[in-house]
Amino acid sequence: MSEAEKKRRREYRLNRKKRIMIFSLILCGLVLLSAVFGIVYRALDDTLFVSYSETSNIAYKVKLFPNEYLDEWQNQNQSYVADLTDEVQAEFVYTIAVDEPDVTYFYTESVTITLVVADRTSKVPIYQPVDVIKVPTSAAVEGNTHLLNTVTVDYDAYRAQAAEFIDAYKLTNVDAYVSVTMRVDTVGNRTYSMPKTYESTLKLPLIDLTFRPETTSSVPMSAMQYLECEAGVAVKLFLVLTGVFSCLSVLGAAFLACFIYFTRNEDINYAVRVKRLIASYKSFIQEITTPFAQEGYQLVYIKNFNEMLEVRDTVGSPLLMYENEDATATSFVIPSNMGILYCYEIRVEDYDDIYGTGMTPEAILGTEKDDNFFVAFFKRIIAFFKSDKEEAKPVIEATEETEVTEETEATDETEVTEETEATDETEVTEETEATDETEVTEETEEEAIPTIADAEEEAEAEAVEDAPESEPVEDTPIEETSAEETSAEELKQD
């Protein structure tokens with residue numbers, strides 16, 4: 001490895017490491033900002049607690065029937081004769097004062113008159129009809145609120161109704177009164193807020209000959225109340241900033257991961273792989289500073305590192321590691337007493353293609369020399385996704401060509417099969433005809449041979465008959481042999 005290549009490798013690794021550090025710091029900053037804004041928003045919450053105070057008052061006056069002793073209208077806070085009382089006029093006043101005048105909140109008010117006939121000992125109602133004077137009405141308001149409701153109670157009519165019920169059922173030890181109640185529910189504009197309820201009541205006894213009205217109220221006179229309202233723009237701004245910086249953090253993490261992946265080359269992968277092996281199996285590896293002498297050993301290369309560990313345990317020899325000076329190749333060897341050297345190597349091939357002449361960090365990413373590192377990075381990402389699409393097209397075209405080729409081959413095979421069958425049929429026909437002719441010829445020859453033999457026998461018989469009786473003919477073997485040869489020659493001629 002030349003010095004120029006070493007310099008380019010050093011520069012590439014340094015530039016890559018710097019950019020990874022910068023991107024990591026930016027990502028940490030984005031995460032930190034999103035966390036800070038999220039904590040601030042969580043601390044402030046989106047609920048604005050608005051303090052407010054309530055005041056209430058019940059004013060009433062009593063109207064009497066005409067009589068010789070008392071005026072028609074009597075002021076409050078007195079005792080009144082029940083038989084002289086005609087009606088009672090009451091005014092319910094309710095005021096709410098809010099510290100934040102621009103905050104919107106809601107209220108609901110209602111007024112009812114209830115006639116109650118209850119057991120005097122247990123106070124449990126026996127008869128309790130309700131007249132709704134004002135149905136529940138809701139409204140949204142800002143700032144302070146002042147409510148006024150005027151109610152006229154027909155005291156004499158309610159007293160007669162209670163007496164009729166008591167007399168109808170001959171009830172004793174009971175109490176009867178009429179209750180006028182104003183109810184106000186206040187709630188903030190925040191969703192799922194719990195309403196606060198205010199009630200003020202005017203109670204008018206009905207049984208006794210004289211009565212004194214009683215007023216009660218559930219409004220605290222001094223304690224401050226709080227409404228749960230939606231927070232203002234300032235608090236919601238922290239929520240928006242938390243979402244924005246969270247999205248930027250996710251995008252930054254994705255960008256950093258892509259940058260690390262697309263800027264790794266074979267040389268960096270080699271270095272990472274060697275470091276991982278050393279870190280994982282440090283106790284099993286003995287690093288040496290000089291190459292191991294391989295003379296006199298039979299080299300056996302192992303496929304993966306785990307098998308090297310198994311060989312080490314089996315052989316009982318140390319696992320030696322040596323990395324060359326250029327840091328481009330690392331060898332792991334295990335010598336054995338049997339003259340076998342087990343080897344496992346990790347090396348970087350084609351260093352000229354990685355850090356060769358004219359290769360800059362930008363060119364290493366596969367772009368032009370004029371591009372900077374970031375432009376080169378994005379071009380490589382675009383080229384990576386384009387290569388996937390371009391690889392998919394040839395696959396489709398190859399599939400179509402394969403289908404056409406298979407159809408053509410199937411057609412050719414069909415035609416060849418038909419021609420072969422026709423040829424076979426022709427040959428079979430010819431062979432059959434030739435076989436038939438041969439059989440006929442052989443049968444003819446076989447029939448011809450006995451005919452000639454019969455002719456010879458007849459000739460010999462005639463010769464014997466023509467010969468003199470005194471001289472008998474001797475059948476010598478020589479003459480028979482010659483006759484057989486003669487018949488064979490004649491057969492050949494035929």
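Worth saying up front: this structure is predicted, and the values here are computed from it rather than measured.

Analysis parameters
Residues numbered from 1 in each chain as written. Predicted model: local features only at pLDDT ≥ 70, side-chain atom pairs only at ≥ 80, totals over all residues. Heavy atoms only, no water. Buried < 20%, exposed > 50% of the residue type's maximum accessible area, 1.4 Å probe, protein only. Helix = DSSP H or I, 4+ residues; strand = E, 2+ residues; numbered from the N terminus. Arc of directions from axis to C-beta. Contact = heavy atoms within 4.5 Å. Polar contact = N/O pair within 3.5 Å; in protein donor to acceptor, adjacent residues only side chain to side chain. Pairing = 2+ DSSP bridges. Core = buried A, V, L, I, M, F, W, Y, C linked by side-chain atoms within 4.5 Å.

Peer 1: Got a sec to walk through helix α5 (residues 305–315)? Specific residues and values, please.
Peer 2: Considered for burial, the residues of α5 that qualify are Phe305, Met308, Leu309 and Val311. Taken around the axis of α5, the buried residues stretch over an arc of 160°, which confines them to a single face. Those residues of α5 that are exposed and aimed more than 90 degrees away from the buried face are Glu310, Asp313 and Thr314. The elements touched by buried residues of α5 are α4 (266–280), β14 (285–287), β16 (319–323), β17 (329–335) and β18 (340–347). At the N-terminal boundary of α5, the capping side chain belongs to Asn304, with an oxygen 3.3 Å from the backbone nitrogen of Asn306. Looking one or two places after α5, you find Gly316, whose phi comes out positive at around 85°.

Peer 1: Any details on the pairing of strand β4 (residues 85–98)? Residues and values, ideally.
Peer 2: Most of β4 is tucked away, with 10 of its 14 residues classed as buried. Pairing of β4 with strand β8 (residues 145–153), which is carried by 9 bridges, proceeds in the antiparallel orientation. Note that in β8 the partner of Ile96 across the bridge is Thr145.

Peer 1: Describe the nonpolar core, listing the residues and the values that go with them.
Peer 2: In this structure, Val88, Phe92, Tyr94, Val153, Leu202, Leu204 and Leu206 are the most contacted members of the largest nonpolar core, which totals 44 residues. Residue assignment for this core shows that the elements contributing at least two residues are β1 (47–64), β4, β5 (104–119), β8, α2 (155–168), β9 (174–188), β10 (196–205) and β13 (225–230). Other than its neighbours up to four places away in sequence, Leu204 contacts Val88, Val153, Tyr155, Tyr177, Val178, Phe211 and Pro213. If you look at the next biggest cluster of nonpolar residues, it comprises 17 residues, including Tyr270, Leu309, Tyr342 and Val348.

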